[in-house]
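Take a look at the letters that make up each chain.
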Amino acid sequence: MIETKNVTKIYKNGFQAVTNLNLKIEKGDVFGFLGPNGAGKTTTIRMLDGLLEPTSGEILVNGIDIRENQTEIKNMVGVVPESHGYYYWMTAKEYLQYFNSLFHNQNVDDQYIDYLLQRVGLYEKRDVIVGQFSRGMKQRLGIAKALINKPEIIFLDEPTLGLDPRGQKEIQQLLSDINKNEKITIFITSHMLKDIEVMCNKVCIIQNGVLVEQGSIQELQKKYLTHYTLLIETDDNEKAIDVLSEIEEIRQIDRCNEKLEVKFVKDLSEEKISNVKQKMIHKLYESGMDMKEMSVKTLSMEDIFFRATEKEA
Ligand SMILES: Nc1ncnc2c1ncn2[C@@H]1O[C@H](COP(=O)(O)OP(=O)(O)OP(=O)(O)O)[C@@H](O)[C@H]1O
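Predicted model only: the values in this text are computed from it and were never measured.

**Q** Help me get a handle on the site of the ligand, residues and values and all.
**A** Lining the immediate environment of the ligand, one finds Tyr11, Asn13, Phe15, Ala17, Gly35, Asn37, Gly38, Ala39, Gly40, Lys41, Thr42 and Thr43. If one sorts the elements of the shell around the ligand by residue count, helix α1 (residues 41-48) sits on top with three residues. Considering only residue class, the shell around the ligand consists of four nonpolar, seven polar and one charged.

Okay, here's the thing in structure tokens:
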């Protein structure tokens, strides 16, 4: 749906914020765009939604170069405004009516505006001025604004910034619902890695304007968790370390709070992994111990982010 080919942005002062970026966002994705401060995320999102022109490279939306058919692109894309984009003296309803009037081709009626207000949970507040809205309410209104032209994709730059945990969860839920029910593709930048983990099926990590990783969260977990690792708990973890260390397929055992992190040697087949697990249970049992808990360790988005960005730093 959106593809960038070698997109580079050099600002007027000569600073190169983005270098040869190749992104691929498919229809239906919730695409998480991550990177440390100053990595080039806002620069990229502004180029994708047409607010900033790349210095070189191409941005294709459904195969169309965004420079070639700006009106069509404008109708396909919804942008959630940054906080300073709000019109404080308008009511929520007037605000949406105003943005609707900007889309001459595709004017929708008041009923749709009411529907949108309901969709984002602001119908009861439709006649309250935006200046009196909390941050979370403004963010929800921004999402309604992005949906006014019935877009195929919406862009959000840090949608949960400054929201309390409940507000963050509400926005996560709203965006996930919009993706599933309205089938809208979502492109999101966030430093809240939990947001990304909960919502996104695909992520891209950039650093210093250069792409470091792109793929599904599962693909990245597989890539960065090089050794199959179990988290186990026994009734005597110290003794268990001695007993399990005798198993040749176990490479390392570390204490991890109440648990033990048991790392297997690399490249074991599924069958072999299953055998090793049996061997562990058996050995513990022989030594008079019980396996109280056993689970497979997976990497969090935070683990992946740190590993991906420290490699390049
Ligand atoms: N108008 C500009 N002129 C020159 N340099 C700029 C301009 N805007 C941004 N930059 C620089 O480009 C780099 C990337 O900025 P950008 O805002 O895209 O990063 P970001 O990943 O969104 O950062 P953050 O997570 O802090 O929001 C930064 O070093 C920034 O200082």
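**Q** Residue-level account of unusual backbone geometry, with values.
**A** In the Ramachandran plot, Glu158 falls in the positive-phi region, its phi being about 50° despite a non-glycine side chain. Residue classification places Glu158 among the buried residues on the basis of 20 C-beta atoms within 10 Å. If you check the backbone angles, Asp267 has positive phi at about 55° while not being a glycine. Structurally, the position occupied by Asp267 is in the loop between β14 (259-264) and α10 (270-286).

**Q** Quick one: what's the story with the nonpolar core, residue by residue and with numbers?
**A** Ranked by size, the top nonpolar core spans 60 residues in total, and within it Leu116, Ala144, Ile154, Phe155, Ile186 and Phe187 carry the most contacts. Ignoring any residue separated from it by four or fewer positions in sequence, one finds Ile154 in contact with Gly78, Val80, Ala146, Ile184 and Ile186. Counting residues in hydrophobic clusters, the runner-up holds eight residues, among them Leu244, Val262, Met280 and Leu284.

**Q** So what's going on with the domain arrangement of the chain? Which residues, and what values?
**A** Under the domain assignment used here, the chain contains domain 1 (2-215) and domain 2 (226-297). Taking only C-alpha atoms into account, the centre of domain 1 sits 45 Å from that of domain 2.

**Q** Would you mind going over the packing of helix α3 (residues 92-102) against helix α4 (residues 110-119) in detail, with residue names and values included?
**A** Their axes nearest at 10 Å, the elements α3 and α4 cross at an angle of 125°. When the interaxial angle is binned, α3 and α4 end up oblique. α4 is crossed by α3, and the crossing has right-handed handedness. Seen from α3, the contacting residues are Ala92, Lys93, Leu96, Gln97 and Asn100; seen from α4, they are Ile113, Leu116 and Leu117. Residue classes in the contact of α3 with α4 are distributed as five nonpolar, two polar and one charged.

Procedures and definitions
Residues numbered from 1 in each chain as written. Predicted model: local features only at pLDDT ≥ 70, side-chain atom pairs only at ≥ 80, totals over all residues. Near = placed C-beta within 6 Å. Helix = DSSP H or I, 4+ residues; strand = E, 2+ residues; numbered from the N terminus. Nonpolar A, V, L, I, M, F, W, Y, C, P; charged D, E, K, R; others polar. Buried ≥ 20, exposed ≤ 12 C-beta atoms within 10 Å, placed from the backbone. Core = buried A, V, L, I, M, F, W, Y, C linked by C-beta atoms within 7 Å. Contact = placed C-beta atoms within 7 Å. Domains from an automatic or database assignment. Axes fitted to C-alpha atoms, helices over the stretch in contact; angles between N-to-C directions. Parallel < 35°, antiparallel > 145°, perpendicular 65-115°, else oblique. Left-handed = near helix turned anticlockwise from the far one by under 90°.

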